[in-house]
Amino acid sequence: HTRKRNVKRLLDERLSKQEVALLRKIGAAGDKLGINLFVVGGFVRDLLLYRKVDDMDIVVEGDGISFAKSFALMCKGRCNSHKKFGTAVVVLPDGFKVDVASARREYYKFPAALPTVEMSSIKLDMFRRDFTINTMAIQLNQEKFGTLIDFFGAQRDLKDKTIRTIHNLSFVEDPTRVFRAIKFANRFDFTIGKLTSNLIQNAVRVDFFKNLSGLRVFSELRQILEEDDPIPAIKTLETYGLERVIHPYLAFDNQTVVLLEEVKKALAWHDLLFLDTPYLRWSIYFMVMIRLCSPKIVQEIADRLKFSPTHQRIILNDRIKAEQRLEILEANPPKSNSRLHSILKTFRTELILYMMACAKKDETRKALSLFYTKLRDIKVLIRGEHLITLGVRPGPEFKRIMSSVLKARLDHQVATLENEIDFAKGYIRQNKIVD
Ligand code: CTP
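Residues numbered from 1 in each chain as written. Predicted model: local features only at pLDDT ≥ 70, side-chain atom pairs only at ≥ 80, totals over all residues. Heavy atoms only, no water.

**Let's talk about the packing of aromatic side chains**
Put simply, the rule reads: Only Phe, Tyr and Trp rings take part, Trp by its six-membered ring, and two of them pair if their centres are within 6.5 Å. Stacked means planes under 30 degrees apart, edge-to-face means over 60, and tilted covers everything else. Helix and strand definitions follow DSSP, with helices as H or I runs of at least four residues and strands as E runs of at least two, each counted in order from the N terminus. Burial classification: accessible surface area is computed with a 1.4 Å probe over protein chains only, and a residue below 20% of its type maximum counts as buried, one above 50% as exposed, and the rest as partly exposed. Here, over-ring charges are defined by two tests on the NZ atom of lysine or the CZ atom of arginine: distance to the ring centre within 6 Å, and angle to the ring normal within 35 degrees.
All told, the structure shown has 15 aromatic pairs when counted by the stated rule. Plain terms: the ring middles of F286 and F307 are 5.6 Å apart, the flat faces sit at 75 degrees to each other, and that makes the pair edge-to-face. Here F286 is found in helix α14 (residues 281-289), whereas its partner F307 is found in the loop between α15 (295-304) and α16 (309-331), with 21 residues between them in sequence. Note on F286: relative accessible area 1%, which makes it buried. Ring pairs connect the aromatic residues F131, F171, F184, F188 and F190, which therefore count as one cluster. The ring of F184 is capped by K183, whose NZ or CZ atom sits 5.0 Å from the centre of that ring. The ring of Y372 carries R376 above its face, with NZ or CZ at 3.7 Å from the centroid.

Okay, structure coming up:
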């Protein structure tokens, strides 16, 4: 039974004045063209959950592309459309994006086994979606502005904190939804409903995933691993046996969860100190997940998930190097900064954090932290032109002299540019670089 109520007040309360004005403007533009339009999906869900809302997804009962074009014109924005899907993105002058879709679009092939019933196009559009909580729509046309339409009991499921599919063929239609169920359950701290859970078990048993492209599996897995705390979701994946969808030999041991918790701590440490520095969060959890696999299996996983060359380098090559260097660090703690620096200097953030998570000793973690926070960015002041005045000809000697100066700087043997020049002079003399 479709439930309707007006959420105008909630919109005013939860959104900025500009956002509400934008929704009203979209509604007015729809009225002009005589079409019904709605803001739908994650936006409405997050609004009702009192979570931060982001993308505005608009569904138009009619031609989404012509609506988007005329709306872009009205707002002096740009419109990029995809004819094949009947979708468009309107980019407003301030860069804000509004996604527009036509309710009639063929998003997935409709499961033939389902009874055909009369539905409005908005209801049909919602019926094709994954979980009840994603199927609410808020009408934007002026007369009905703010009318929340809940076709499939989404509000009840939000209240019960439950992830539920709309019909029993949802995972047949799109098996990646299994991963999405786990992502949402984890993100909102919801439970997967009993029937939905059975449908997931069935999907695993019958192996709905065998024809799924590795790229799609990776995209879903990556989204899960990019969540604030992916660990409960990783545990749920394992409970359903979904790690084997990634690779049949992928398995966890009782250290896995311990290390995942250590990854979480290392990432929290990093993010506190380096707020906006981007890095591949997912890859660090992923490296822990695959750490028991042989290089051959990891290569197969990389092939199946269609890793980019960068991903491959991190997960295959650098990870193994990092594990070896970590052993060296733990067996022979470096006595000088320059030694520590030379052990770690080639590793990117992801690998340093991976090592931090896997380190057994506090002392090692401290050394990694010293490298990452202090030593990594230390640069020499001396330049090529200084070396030229000292009589050195540009060439391989330059690099050697520079790195010995850097070593001296890391070990606090030089402080100023003059110190560095003196140090370089000494080095040049000792190594008889200039005759
Ligand atoms: N959708 C679906 N099946 C999928 C992927 C998406 O039915 N395999 C539907 C969902 O109902 C969702 C909408 O398409 O509401 C948009 O997808 P997406 O942007 O991935 O979802 P959001 O709900 O906005 O999720 P997030 O908050 O993670 O962006």
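**Some words on the domain arrangement of the chain**
As a reminder, the rule being used: Note that the domain bounds reflect an automated or database-derived domain assignment. In what follows, residue pairs with any heavy atoms lying within 4.5 Å of each other are defined as contacts. Using a 1.4 Å probe, buried area is obtained as the accessible area two parts lose upon being combined, added over both of them. By convention in these notes, a salt bridge is any Lys or Arg side-chain nitrogen within 4 Å of a carboxyl oxygen on Asp or Glu. Throughout this description, a polar contact denotes any pair of N or O atoms lying within 3.5 Å of each other; where both atoms belong to protein, one of them has to be capable of donating a hydrogen while the other can accept it, and for residues adjacent in sequence the pair is counted only when both atoms sit in side chains. Think of it as three bins: nonpolar holds Ala, Val, Leu, Ile, Met, Phe, Trp, Tyr, Cys and Pro, charged holds Asp, Glu, Lys and Arg, and polar takes everything else, Gly as well.
By domain assignment, the chain separates into domain 1 (3-160), domain 2 (161-246), domain 3 (249-375) and domain 4 (384-430). Across the boundary between the two partners, domain 1 contributes 25 residues, which contact 19 residues of domain 2. Summing both partners gives a buried area of about 1900 Å² for domain 1 against domain 2, and 61% of it is carried by carbon and sulfur. On the surface where domain 1 and domain 2 come into contact, there are 2 salt bridges. For D130, the salt bridge identified is with R180, shortest N-O distance 2.7 Å. Here domain 1 is connected to domain 2 by 9 residue pairs in polar contact (both at pLDDT 80 or more). Where the side of domain 1 that touches domain 2 is concerned, the elements lending two or more residues are α3 (42-48), α5 (121-127) and α6 (154-160). Per element, the largest residue contribution to the side of domain 1 that touches domain 2 is 5 residues, and it comes from α6. Of the residues belonging to the side of domain 1 that touches domain 2, the class tally is 11 nonpolar, 3 polar and 11 charged.

**Here we look at the sheet that holds strand β6 (residues 97-102)**
Applied cut-off: If DSSP finds at least two bridges between two strands, the strands pair. Geometry is summarised by axes, namely lines fitted to C-alpha atoms with helices restricted to the contacting stretch, and by angles between N-to-C directions that run from 0 to 180 degrees.
Across the sheet, which stays open at both edges, the 8 strands sit in the order β1-β8-β7-β2-β3-β6-β5-β4 with mixed pairing between neighbours. Looking at the sheet topology across the chains shown, the edges are occupied by β1 (3-6) and β4 (78-82). Pairwise comparison of adjacent strand axes, ignoring direction, gives a mean angle of 25 degrees for this sheet. Here strand β3 (residues 56-60) runs beside β6; their pairing, made up of 5 bridges, is parallel. Each residue of the ladder has a partner; that of D57, found in β6, is D99. Contacting β2 (37-40), β3, β4, β5 (87-91) and β6, helix α4 (residues 64-75) crosses the sheet at an angle of about 170 degrees to β4.

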